[in-house]
Amino acid sequence: MQTQRLDTSSAAIAHAAELLRRGELVAFPTETVYGLGGNALDEQAVAAIFAAKGRPASDPLIVHLADPRELARVVATIPALVGQLAAAFWPGPLTLILPRHPQVPLAVTAGRETVAVRVPSHPIARALLVTADVPVAAPSANRFGHTSPTTADHVLADLAGRIAAVIDGGPTPIGIESTVLDCTTTPPTLLRPGGISLEAIESIIGPIHIRTRPTGDEQTGMVSPGLLERHYAPDHELWLISGPPALALARLRREAEAALAAGLRIGLLLPDEDLAIVRDLPADTETLGPASDPAQMAQRLYAALRALDERQPDRIFARDLDETGLGRALRDRLRRAAARVIEA
Ligand code: TXA
Ligand code: MG
């Protein structure tokens, strides 16, 4: 199969919507990352999503809707809190775990009685969902376990020949995935930090539970497989240096020098201001923007990881980041990408 690269004209979107209705797979931009879409109510399309990604059938998909009013198509009962969350954050990068409607195939939810739902805000995603007029199951459009795609080129690098089309809407504005919030617990539980911060959610519904690290039990029970330790991983091993910024940066420099002395090729992934401390080292370096601007760092993170991977360093060193606001999601993705975390 030759994967078509579509533009964002209304004719191209109508074509993509028709492909979805016929059970084909179409990757499309959302405000977070590119999604690999298929008709959520079509079991064969859902099976094709898992096959194209090489994703285990035990890892459930997010269902994307054009409008919150369509919730009743995929959700059996709507908890009271959902109205408040939807009013505050939809359309946008918040995914809610809710009771599954019987018409949603169990293949979408990996056999669970819950379903993940979100209403994306990206204009191309919205146009596609409105035109297709079906709920669209869409994981991130990458090979399973690989770095999520923030451009159509990233999608094609992973999935060319395996899907019918990708709509090229340019780089995605947020750059990391949606926040996943389980609304079947009281209070709700944060399963994956993402584009909507914990602080923003708590400002609307009060304190919530946080579960960002799986226990052994949850790993085997696969509560939310996106919580597995190794995920979003680059092809080359990443060492993350954690601790107060000055200490972590000094330790990063020492580790990088040791690796160079051992004859390794190294890559560096850093906020702008760290560059001065390592500028003299022979390394492939990607900067993420100022440490004071987590939104910019999030937007650039996955492209930077892919760019480093392409240059095939033996080891990538990154400095851990601050955990407030979007920083929590950034830190989470860095930790999941890391083969090793060193406390400075
Ligand atoms: O921003 C995003 O969320 C992107 C865009 C394309 O919407 N999608 C995305 O999908 O990141 P994916 O499949 O890469 O991640 C979905 C996460 C996984 O960690 C999955 O395990 C979890 O949501 N999930 C899905 N359904 C679930 C359920 N019923 N219960 C618990 N976790 C669930
Ligand atoms: Mg993913």
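Use the structure listed above.
From a predicted model like this one, the values you see are computed outputs, not experimental measurements.

Rules and cut-offs
- Residues numbered from 1 in each chain as written.
- Chains lettered and ligands numbered in written order.
- Predicted model: local features only at pLDDT ≥ 70, side-chain atom pairs only at ≥ 80, totals over all residues.
- Heavy atoms only, no water.
- Phe/Tyr/Trp six-rings, centres within 6.5 Å; stacked < 30°, edge-to-face > 60°.
- Helix = DSSP H or I, 4+ residues; strand = E, 2+ residues; numbered from the N terminus.
- Buried < 20%, exposed > 50% of the residue type's maximum accessible area, 1.4 Å probe, protein only.
- Lys NZ or Arg CZ within 6 Å of the ring centre and 35° of its normal.
- Pairing = 2+ DSSP bridges.
- Contact = heavy atoms within 4.5 Å.
- Axes fitted to C-alpha atoms, helices over the stretch in contact; angles between N-to-C directions.
- Parallel < 35°, antiparallel > 145°, perpendicular 65-115°, else oblique.
- Left-handed = near helix turned anticlockwise from the far one by under 90°.
- Nonpolar A, V, L, I, M, F, W, Y, C, P; charged D, E, K, R; others polar.
- Salt bridge = Lys/Arg side-chain N within 4 Å of Asp/Glu carboxyl O.

Let's talk about the packing of aromatic side chains
Throughout the structure, instances matching the rule amount to one aromatic pair. Geometrically, the ring pair formed by tryptophan 239 and phenylalanine 317 is edge-to-face, given 5.8 Å between the ring centres and 80° between the ring planes. Residue tryptophan 239 is found in strand E12 (residues 237-242), and its partner phenylalanine 317 is found in strand E15 (residues 315-319); the two are separated by 78 residues along the sequence. Assigned by exposure class, tryptophan 239 and phenylalanine 317 land together as buried. Directly above the aromatic system of tryptophan 239 lies the positively charged group of arginine 315, at a separation of 3.9 Å from the ring centroid.

A closer look at unusual backbone geometry
Here the amide bond leading from tryptophan 90 into proline 91 is cis, since omega sits at -5°, within 30 degrees of zero. Following the sequence through the fold, proline 91 ends up in the loop between helix H3 (81-89) and strand E5 (94-99). A cis geometry characterises the amide bond from threonine 186 onward to proline 187, with omega recorded as -10°. Note that proline 187 resides in the loop between strand E9 (179-182) and strand E10 (189-192). In this model, aspartate 133 sits at a positive phi of 55°, which is unusual for a non-glycine residue. Here aspartate 133 is to be found in the loop between helix H5 (123-132) and strand E7 (136-137). Here the phi dihedral of glutamine 312 falls at roughly 55°; this positive angle occurs in a residue that is not glycine. Position of glutamine 312 relative to the elements: it lies in the loop between helix H11 (294-310) and E15.

What to know about the sheet that holds E5
The strands making up a sheet associate through backbone hydrogen bonding, with each pair oriented either parallel or antiparallel. The eleven strands lie next to each other as E1-E8-E2-E3-E7-E4-E6-E5-E9-E10-E11, forming an open sheet whose pairing is mixed. Here the strands that pair on one side only, and so sit at the sheet edges, are strand E1 (4-6) and strand E11 (209-210). Here E10 pairs with E11 via two bridges, running parallel. When the sheet's bridge partners are listed, threonine 189 is paired in E11 with histidine 209. Sheet contacts for helix H1 (residues 10-21): E1, strand E2 (26-29), strand E3 (34-39), E7 and strand E8 (165-167); angle to E1, the most-contacted strand, approximately 135°.

A word on the packing of H3 against helix H7 (residues 198-205)
Running from N to C, H3 and H7 cross one another at 130°; their axes reach a closest spacing of 10 Å. Classified by the angle their axes make, H3 and H7 are oblique. The two elements H3 and H7 cross, and the hand of that crossing is right-handed. Each of Leu81, Gln84, Leu85, Ala88 and Phe89 in H3 lies in contact with H7, whose residues at this interface are Ala200, Ile201, Ile204 and Ile205. Within the contact of H3 with H7, the residues separate by chemical class into eight nonpolar, one polar and no charged.

Examining the pairing of strand E13 (residues 266-270)
Of all five residues making up E13, five are buried, and the element is well covered by its neighbours. Here E13 shows two buried faces, one formed by Ile266, Leu268 and Leu270 and the other by Gly267 and Leu269. Examined bridge by bridge, E13 and E15 share four bridges and lie parallel to one another. Note that in E15 the partner of leucine 268 across the bridge is phenylalanine 317. In the sheet, E13 pairs with strand E14 (residues 284-287) via four bridges, with the strands oriented parallel. Bridge assignment links leucine 270 to a residue of E14, and that residue is threonine 287.

What about the pattern of salt bridges?
By the definition in use, this model includes 23 salt bridges. Residue glutamate 257 is joined to arginine 253 by a salt bridge in which the shortest nitrogen-to-oxygen separation is 2.9 Å. With glutamate 257 and arginine 253 both in helix H9 (residues 245-261) and four residues apart, this pair spans about one turn of that helix. The exposure class assigned to glutamate 257 is partly exposed, which follows from its relative accessible area of 35%.

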